[in-house]
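Working through the structure, step by step
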Amino acid sequence: MSKQKVVVLTGAGMSAESGLKTFRDANGLWEGHDVMEVASPQGFARNPELVLEFYNQRRRQLLEVSPNAGHSALVELESHFDVSIITQNVDNLHEQAGSSHVVHLHGELFKVRSTVNENHVLDWKKDLVLGDLDDNGHQLRPHIVWFGEMVPMLETAAYITQQADVLIIIGTSMQVYPAASLINYSPQETPIYFVDPRPNINASDYRNLEVIAKTATEGVPNLVAQLTDSLI
Ligand code: APR
């Protein structure tokens, strides 16, 4: 028998216990910055040095942290289920933990791209500065989807979510669209589990939604054990 499909949508709370700060838990400031200042095309046009340095700090920080027990539990889930992860996170902690199928909705910290040709993407683990150019002499920028920009992986993510037999949502405030709208793509009968210590969702708006008001390192391993046991 083929495995059931589990689709997992993750947000910043997934990586919080690895030591990466969430966006909206500190008065709308992200590491001391207004998000529009460091995560919008306008912010980059106004002060590219500041934006590049901001992502350099994020990249350096990512080199120092490790996946947590929540990430590892999602890898274990692959023994019993066909698992696809759709993450809003720009870290690579799902991949570091060993998850096989990860779609990044908002880009990746360890990649950069040409400011002129968005399809010209390079792997990049060091600092990025003004003067770092693509092969055609154009400035490189972080491979991050900023506010107001298109979300190229959205269609793929929506298609994956439509195949879900089980949907798990972890550590997201559900405030950023279109990512938050993906919940509406899962089939009506698909059970939804929402793991977040401060869940920003109205369970009664959904037919099959169960809130697990726990952190990722506690709630996700429990849920994985529960789903695995349900097969035995
Ligand atoms: N475990 C699970 N969830 C947690 C934990 C934890 N240890 N700690 C905090 N959370 C939850 C918070 O309760 C909150 O609901 O994580 C969520 C984080 O919400 P946001 O900071 O808004 O992050 P996210 O939803 O991923 O933001 C979406 O916004 O700035 C953009 O592009 C950026 O991808 C990001 C998007």
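Residues numbered from 1 in each chain as written. Predicted model: local features only at pLDDT ≥ 70, side-chain atom pairs only at ≥ 80, totals over all residues. Heavy atoms only, no water.

Some words on the domain arrangement of the protein
Here is the rule: What marks off one domain from the next here is an automatic or database domain assignment. By definition in these notes, contact holds between two residues if any of their heavy atoms fall within 4.5 Å. Throughout, the accessible surface (probe 1.4 Å) given up by two parts as they are put together, summed over both, is called the buried area. Each salt bridge in this description consists of a side-chain nitrogen of Lys or Arg and a carboxyl oxygen of Asp or Glu lying within 4 Å of one another. Contacts described as polar in this section are N or O atom pairs within 3.5 Å, which, within protein, must combine one atom able to donate a hydrogen with one able to accept it, while residues neighboring in sequence count only if both atoms come from side chains. Elements are defined by DSSP. Helices are runs of H or I of four residues or more, strands are runs of E of two residues or more, and each kind is numbered from the N terminus. Residues are grouped as follows: Ala, Val, Leu, Ile, Met, Phe, Trp, Tyr, Cys and Pro are nonpolar; Asp, Glu, Lys and Arg are charged; every other residue, Gly included, is polar.
Under the domain assignment used here, the protein contains domain 1 (1–20 + 67–106 + 152–232) and domain 2 (21–64 + 110–144). Each partner contributes to the interface: domain 1 provides 15 residues, whereas domain 2 provides 10 residues. Interface of domain 1 and domain 2: buried area, both sides summed, is about 940 Å²; carbon and sulfur atoms make up 61% of it. For domain 1, the biggest contributors to the area lost against domain 2 are A12, L20 and V90; these three give 43% of the whole. At the boundary of domain 1 with domain 2, the tally comes to 0 salt bridges. Connecting domain 1 to domain 2 are 0 residue pairs in polar contact (both at pLDDT 80 or more). Those elements giving two or more residues to the side of domain 1 that touches domain 2 turn out to be α1 (13–16) and α6 (93–97). Residues of the side of domain 1 that touches domain 2, tallied by class, amount to 6 nonpolar, 7 polar and 2 charged.

Looking at the site of the ligand
For clarity, the threshold we go by: Residues are counted as near a molecule or strand when any one of their heavy atoms sits within 4 Å of it. Surface exposure here means Shrake-Rupley accessible area, sampled with a 1.4 Å probe, where a residue is shielded only by the protein chains that are shown.
The immediate surroundings of the ligand are formed by 21 residues, with F23, R24, T172, S173 and D196 found nearest. Between the ligand and the protein, one listed contact pairs an oxygen atom with a side-chain N or O atom of H106 at 2.8 Å. Between G171 and the ligand, the recorded distance is 3.3 Å, taken from a backbone N or O atom to an oxygen atom. Computed on the free molecule, the ligand has an accessible area of 730 Å², of which 93% lies beneath the protein chains in the complex. A class-by-class count of the residues in the shell around the ligand yields 7 nonpolar, 9 polar and 5 charged. Of the domains in this structure, domain 1 (1–20 + 67–106 + 152–232) and domain 2 (21–64 + 110–144) are the two that each give at least three residues to the shell around the ligand.

Here's the deal with the sheet that holds strand β11 (residues 209–212)
Going by this rule: For two strands to count as paired, DSSP must find a minimum of two bridges between them. Note on geometry: axes are lines fitted to C-alpha atoms, helical ones only across the stretch in contact, with angles between N-to-C directions running from 0 to 180 degrees.
With respect to topology, 6 strands assemble into an open sheet ordered β5-β4-β1-β9-β10-β11, the strand pairing being parallel. Among the strands making up the open sheet, the edge pair consists of β5 (102–104) and β11. Direction aside, neighbouring strands of the sheet carry axes that sit 15° apart on average. Most of the contacts of helix α8 (residues 216–229) go to strand β10 (residues 192–195), to which it runs at about 155°, and overall it touches β9 (166–170), β10 and β11.

A word on the sheet that holds strand β7 (residues 121–123)
The sheet built from 3 strands is open, its strands ordered β7-β6-β8 with antiparallel pairing. Each end of this open sheet is capped by a strand with a single partner; those strands are β7 and β8 (140–144). Put simply, the sheet's adjacent strands are angled 45° from each other on average, direction ignored. With 3 bridges connecting them, strand β6 (residues 107–114) and β7 associate as antiparallel partners. Bridge pairing in β7 links R113 to V121. Against the sheet, helix α4 (residues 48–62) makes contact with β6 and β8, and its axis sits at roughly 140° relative to β6, the strand it touches most.

Describing the nonpolar core
To keep things clear, this is the line we draw: Among the buried residues, those of types Ala, Val, Leu, Ile, Met, Phe, Trp, Tyr and Cys that are joined through side-chain atoms within 4.5 Å form a nonpolar core. Relative accessibility thresholds used throughout: buried, under 20% of the residue-type maximum; exposed, over 50%; partly exposed, between the two (1.4 Å probe, protein chains only).
I86, I169 and I183 are the most contacted members of the largest nonpolar core, which totals 22 residues. Elements with a contribution of two residues or more to this core: β1 (5–10), α7 (154–162), β9 and β10. Broken down by element, the residue count for this core peaks at 3 residues, all from α7. Within the second largest apolar cluster, 21 residues are counted, among which are M14, L74, L77 and Y193.

Re the pairing of β1
For β1, the tally of buried residues reaches 6 of 6 residues, placing the bulk of the element in the interior. Here β1 shows a buried face lined by K5, V7 and L9 and a second buried face lined by V6, V8 and T10. The pairing of β1 with β9 spans 5 bridges and is parallel. Residue pairing across strands places V6 opposite V166, the latter belonging to β9.

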